[in-house]
Amino acid sequence: MNSEERLVIDAFIDTIWIEKGLSTNTLNSYKSDLEKYFNWIELNSLKYKELSRSDVLEYLAYLFGQKLEGKSVARNLSSLKAFHNYLILKDITKSNPCEKIETPKFVKSIPSSLSENEVEKLLDAPDENTFIGIRDKTMIETLYSCGLRISELVDLEIIHVNLRQGVIRVLGKGQKERLVPMGQKLINLIGIYFRKLEENKIKNSSNFLFLSQRGKKITRQAFWHRIKIYATKAGLENNKISPHILRHAFATHLLNNGADLRVVQLLLGHSDLNTTQIYTEVAKRRLQNLHGAHHPRG
């Protein structure tokens, strides 16, 4: 890629960040998709301003040839469509070569989850006599009982938590806010966590809720590592556990216990009900398994 092409990509990323308020991870995905695209363009001696529909189709075939799943190719195509629309908007090109290309079909994978018993084992693993143990137990409980993404969890600030009203204000994808109710167990745990902060004289050098022993914000990577430790301690399959699995468990267990799909959608912060729909398949499979295991005609 030459300097002009890099500048075009950076300008596009800045534009969609301002217009859509996308997360850093999403912006990085757009940038990665476009860099891969431009490398292919250069490799084939093409020019990004003169691409045709057949060129883009050839590129998508190349991606499938790289063993990418349909979901990944679909995401790449979405990035390219947005980029070429940006080029038209800026009068750099006159048409979008991706315009009439259909999104590749792909089978939605069923998210892994944990049983209610497995979640309890994970929550019992931290040592409640220590600051680290109480902090980690509270973070795990927050993920599970509120259905947060890991980024939403580590970015929680003290002002986002209202113990008196029992709600958390979550800043999700696209800077969209939602209110999530807290259960009494979580409210009690956060109260204990605050007392542990005082007992250990940990000064908060920021406004973040969950802190290290030095008073710094917990990173996603650090908490991911902590969950792996507790999974091993609880005797759970280590490769089955991640912070996001607890979000899946939150949704699945709500549906298993009769929650309305649209309520789950609101709690998860999904803008599209179709995104939430996948959890009904998880719940249905669990009910089928329970029927097969316990009903005499199963």
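To be clear, the structure that these remarks concern was listed above.
Below: a short report on this structure.

**Topic: the environment of Asn28**
Relative to the assigned elements, Asn28 resides in helix α2 (residues 24–43). The exposure class assigned to Asn28 is partly exposed, which follows from its relative accessible area of 45%.

**Description of the environment of Lys137**
Note that Lys137 resides in helix α6 (residues 131–146). Taking C-alpha positions, Lys137 is 9.6 Å from Leu186, a pair spaced 49 residues apart along the chain. Once residues lying within four places of it in the same chain are set aside, the contact partners of Lys137 are Leu123, Asp124, Pro126, Glu128 and Leu189. Within the local environment of Lys137, its side chain forms a polar contact with the backbone oxygen of Leu123, the two atoms lying 2.7 Å apart. Engagement of the side chain of Lys137 in a polar contact is seen with the side chain of Glu128, the distance being 3.4 Å.

**Concerning the packing of α2 against helix α3 (residues 53–65)**
Relative orientation of the contacting elements α2 and α3 amounts to 110°, with a least axis distance of 11 Å. Considering the angle they form, α2 stands roughly perpendicular to α3. Both α2 and α3 take part in a crossing whose hand is right-handed. Of the residues in α3, those in contact with Asp33, Lys36, Tyr37 and Trp40 of α2 are Asp55, Val56, Glu58, Tyr59, Tyr62 and Leu63. Taken together, the residues that form the contact of α2 with α3 break down as six nonpolar, no polar and four charged.

**Focus: helix α10 (residues 243–256)**
Its 14 residues place the ends of α10 20 Å apart at the C-alpha level, agreeing with the 20 Å of an ideal helix rising 1.5 Å per residue. Buried residues dominate α10, accounting for eleven of its 14 residues. When α10 is considered as a whole, its buried residues turn out to be Pro243, Ile245, Leu246, Arg247, His248, Ala249, Phe250, Ala251, Thr252, His253 and Leu255. Downstream of α10 by one or two residues, Gly258 has phi in the positive range, about 95°.

**Looking at the sheet that holds strand β3 (residues 177–181)**
In spatial order, the strands read β1-β2-β3; together these three strands make up an open sheet with antiparallel pairing. Edge positions in the sheet fall to β1 (161–162) and β3, since each has one partner strand and no second. With five bridges connecting them, strand β2 (residues 167–171) and β3 associate as antiparallel partners. Directly across from Val167, in β3, lies its bridge partner Pro181.

Each value, and the rule that gives it
- Residues numbered from 1 in each chain as written.
- Predicted model: local features only at pLDDT ≥ 70, side-chain atom pairs only at ≥ 80, totals over all residues.
- Heavy atoms only, no water.
- Helix = DSSP H or I, 4+ residues; strand = E, 2+ residues; numbered from the N terminus.
- Buried < 20%, exposed > 50% of the residue type's maximum accessible area, 1.4 Å probe, protein only.
- Contact = heavy atoms within 4.5 Å.
- Polar contact = N/O pair within 3.5 Å; in protein donor to acceptor, adjacent residues only side chain to side chain.
- Axes fitted to C-alpha atoms, helices over the stretch in contact; angles between N-to-C directions.
- Parallel < 35°, antiparallel > 145°, perpendicular 65-115°, else oblique.
- Left-handed = near helix turned anticlockwise from the far one by under 90°.
- Nonpolar A, V, L, I, M, F, W, Y, C, P; charged D, E, K, R; others polar.
- Expected span 1.5 Å × (residues − 1).
- Pairing = 2+ DSSP bridges.

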